[in-house]
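Geometric and topological summary
Below, each chain spelled out in residue letters.
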Amino acid sequence: LLESDVALETAEKICNDLKENLVGREVKKKEIEKIIKETIKKSLEEILDQGEIDLAKEIKKKKPYLILFLGFNGSGKTTTIARLAHFLKKRGFTINMAAADTWRAAAIDQLEKHAKTLGVPLIKHKYGADAAAVVFDAMKHAQARGIDVVLADTAGRSHTNVNLMEELKKICRVNKPDLKILVVDSLTGNDAVEQAKAFEEAVGIDAVILTKMDVNEKGGAALSVTHTIKKPILYIGVGQEYDDLEKFDPKKIIKNLLE
């Protein structure tokens, strides 16, 4: 499990489940392997079963519907926003984007390029502007034009950066997002757990999107993050194109981990 990037705490839970199920039981020698695999599979299913969020159904409940994206620098947040915009647009929803990562001018430029390619309006302020105000203006723009969904970027932040975490709290306080999605790089291993804990404690997370899953086939991060914060994984990023966003399938992860 550790070799598959499963966090120690999660690996221990699975091993303890196995111990509880096996110790003191009489098992025929030829059935041992089957029972071990079945027990581990059941543990994995329990960890990954965090309910489902039907995004299309949720969005229809409120207009405009605000989705806030959180995560570390380099997790693939901006690309994920573009992919989700593409995904929702194909399903008939109207969208605008909020460039609320005002700490990096490059982040605003990057999101602007995606917005132009996708034909989606982008609401932005100057570099260094108040991020909460950018999201607020994007919501006002969406209300005025009858837009369904606002996808808001935020600055990539480390859980040790107090100022950025306070800014995030302010964005949430002012704008009250309907859904807070944590974008996690599946290659970060145990760091993914620390990130998930930090964001969950700071502002609360509703769901997760895992990126770079085409590189990390084992998907131990999926297991670790869901075990840590008990929140569902919505989608996984599996490539470089806009269409490379897949609905998360727990069965695939379990199969990969047990092979």
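Our subject is the structure listed above.
So, here is what we can say about the structure in this document.

The rules behind each value
Residues numbered from 1 in each chain as written. Predicted model: local features only at pLDDT ≥ 70, side-chain atom pairs only at ≥ 80, totals over all residues. Heavy atoms only, no water. Helix = DSSP H or I, 4+ residues; strand = E, 2+ residues; numbered from the N terminus. Rg over C-alpha atoms; globule rule 2.2 N^0.38 Å. Buried < 20%, exposed > 50% of the residue type's maximum accessible area, 1.4 Å probe, protein only. Areas by Shrake-Rupley, 256 points an atom, 1.4 Å probe, with all protein chains shown as cover. Lys, Arg positive; Asp, Glu negative; His and termini not counted. Salt bridge = Lys/Arg side-chain N within 4 Å of Asp/Glu carboxyl O. Contact = heavy atoms within 4.5 Å. Pairing = 2+ DSSP bridges. Axes fitted to C-alpha atoms, helices over the stretch in contact; angles between N-to-C directions. Core = buried A, V, L, I, M, F, W, Y, C linked by side-chain atoms within 4.5 Å. Phe/Tyr/Trp six-rings, centres within 6.5 Å; stacked < 30°, edge-to-face > 60°. Lys NZ or Arg CZ within 6 Å of the ring centre and 35° of its normal. Expected span 1.5 Å × (residues − 1).

**Re the overall build of the protein**
A count of helices and strands for the protein gives ten helices and eight strands. Its C-alpha radius of gyration of 20 Å places the protein within 12% of the 18 Å reference for a compact globule of 259 residues. When its C-alpha atoms are laid out on the principal axes, the protein stretches across 70 × 40 × 30 Å. The buried share among the 259 residues of the protein stands at 51%. Summing over all exposed atoms, the protein offers an accessible surface of approximately 12800 Å²; the carbon and sulfur share of this is 50%.

**Overview of the side chain of lysine 180**
Position of lysine 180 among the secondary structure elements: in strand E5 (residues 179-185). Lacking a salt bridge, the buried lysine 180 has aspartate 206 as its closest oppositely charged neighbour, with an N-O distance of 4.2 Å. For lysine 180, the contacting residues outside a window of four places in its chain are Leu68, Leu70, Cys172, Val203, Gly204, Ile205, Asp206 and Ala207.

**A look at the environment of isoleucine 81**
Looking at where isoleucine 81 falls in the secondary structure, it is placed in helix H4 (residues 77-90). Along the primary structure isoleucine 81 and glutamate 167 are separated by 86 residues, whereas in three dimensions their C-alpha atoms are 20 Å apart. When near neighbours in sequence (up to four residues on either side) are disregarded, isoleucine 81 contacts Phe69, Met97, Leu111, Leu151, Ala152 and Asp153.

**Describing the pairing of strand E7 (residues 233-237)**
Within E7, five of the five residues are buried, leaving the element largely enclosed by the surrounding structure. Here three bridges tie E7 to strand E8 (residues 245-247), and the two strands are oriented antiparallel to one another. Considered in E8, the bridge of glycine 237 is made with leucine 245.

**Focus on the sheet that holds E8**
An order of E3-E2-E4-E1-E5-E6-E7-E8 is seen for the eight strands of this open sheet, with the pairing classed as mixed. With partners counted over all chains shown, the strands left at the sheet margins are strand E3 (122-123) and E8, one partner each. Inspection of the sheet shows strand E1 (residues 65-70) paired to E5 by four bridges, in the parallel sense. Across the sheet, residue phenylalanine 69 finds its bridge partner in E5, namely isoleucine 181. Lying on the sheet, helix H7 (residues 162-175) is in contact with E1, strand E4 (149-154) and E5; it crosses E1 at an angle near 175°.

**Description of the nonpolar core**
If you look at the biggest cluster of nonpolar residues, it comprises 51 residues, and the most contacted ones within it are Leu70, Leu168, Phe199, Leu210 and Leu223. The greatest single-element share of this core, amounting to seven residues, is contributed by helix H6 (residues 131-145).

**Focus: the packing of aromatic side chains**
Per the counting criterion, the structure on display carries two aromatic pairs. On the numbers, 6.2 Å between centres and 65° between planes, the contact of phenylalanine 72 with phenylalanine 199 is edge-to-face. Of this pair, phenylalanine 72 sits in the loop between E1 and H4 while phenylalanine 199 sits in helix H8 (residues 191-202), and the two are 127 residues apart along the sequence. One residue, arginine 91, lies across the ring of phenylalanine 87, its end atom 3.6 Å from the ring centre.

**What to know about H4**
In a regular helix each residue adds 1.5 Å, so 14 residues correspond to 20 Å; H4 covers 20 Å between its end C-alpha atoms and thus fits that length. Counting buried positions along H4 gives eleven out of 14 residues, so the element sits mostly inside the fold. Where H4 is concerned, the buried positions are Lys77, Thr78, Thr80, Ile81, Ala82, Arg83, Leu84, Ala85, His86, Phe87 and Leu88. Looking one or two places after H4, you find glycine 92, whose phi comes out positive at around 90°.

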